[in-house]
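Each chain, written out:
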Amino acid sequence: MDRRKPPKVSFRWWVDRQIDEARDRGDFDDLPGTGKPLPKPTGNDAATDWVLREVRKGGHDTKALLPPALALKREVQDLPETLAAERAEARVREVVADLNERIRQAYLNHHTGPPLTVALVDVEEAVQDWRRSRAAS
């Protein structure tokens, strides 16, 4: 019986794969600045800093750059703020149920990148927190 550990998948490999898939889908076709050189580094800039600036300048959400495990974790962290914008309890329950379903699917589907460590959100607890926040404001 072979008891060797499976090889670890690097984050860089995951990013490269996402870029390759996006290129294959044509997501990079006809982008502004295509064919132009990148700006010269100022010495304290990293490539990721430049990407983040460009994404923000375009009015896009930088959360889209996160791997699935981190994006779900961030979404759970931001849930109280997300729910605060909702006006109806039924909608609060829908938002939490949708998030929980995506968490379940992430655990069921093989994914690359960092390990998934986020737990399901207790719907009733989220509703109670939402009610308390509405009563306070």
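Residues numbered from 1 in each chain as written. Predicted model: local features only at pLDDT ≥ 70, side-chain atom pairs only at ≥ 80, totals over all residues. Heavy atoms only, no water.

### Describing the overall build of the chain
Within the chain one finds six helices and zero strands. In sequence order, the chain lays out its α and β elements as α-α-α-α-α-α. Across the 137 residues in the chain, those meeting the buried criterion constitute 18%. Nonlocal contacts in the chain, meaning residues at least 24 apart in sequence, comprise 56% of its contacts between residues at least 6 apart. Split by element, the accessible area of the chain, about 11,000 Å² in all, is 54% carbon and sulfur. (Helix = DSSP H or I, 4+ residues; strand = E, 2+ residues; numbered from the N terminus. Buried < 20%, exposed > 50% of the residue type's maximum accessible area, 1.4 Å probe, protein only. Contact = heavy atoms within 4.5 Å. Areas by Shrake-Rupley, 256 points an atom, 1.4 Å probe, with all protein chains shown as cover.)

### Section: the nonpolar core
Membership of the largest hydrophobic core comes to 16 residues, with the highest contact counts inside it found for Leu72, Leu79, Leu83, Val96, Leu99, Leu116 and Val121. If you tally residues by element for this core, the top one is helix α5 (residues 89-108), at six residues. Apart from the residues within four sequence positions on either side, Leu83 is in contact with Val92, Val95, Val96, Ala126 and Trp130. (Core = buried A, V, L, I, M, F, W, Y, C linked by side-chain atoms within 4.5 Å.)

### A closer look at unusual backbone geometry
Although it is not a glycine, Asp30 adopts a positive phi angle of roughly 60 degrees. Note on placement: Asp30 falls in the loop between α1 (11-25) and α2 (47-57).

### Topic: the side chain of Glu86
Locating Glu86 in the fold gives a position in the loop between α4 (79-84) and α5. Beyond its immediate sequence surroundings of up to four residues, Glu86 is in contact with Arg91, Val92, Val95, Trp130 and Arg134.

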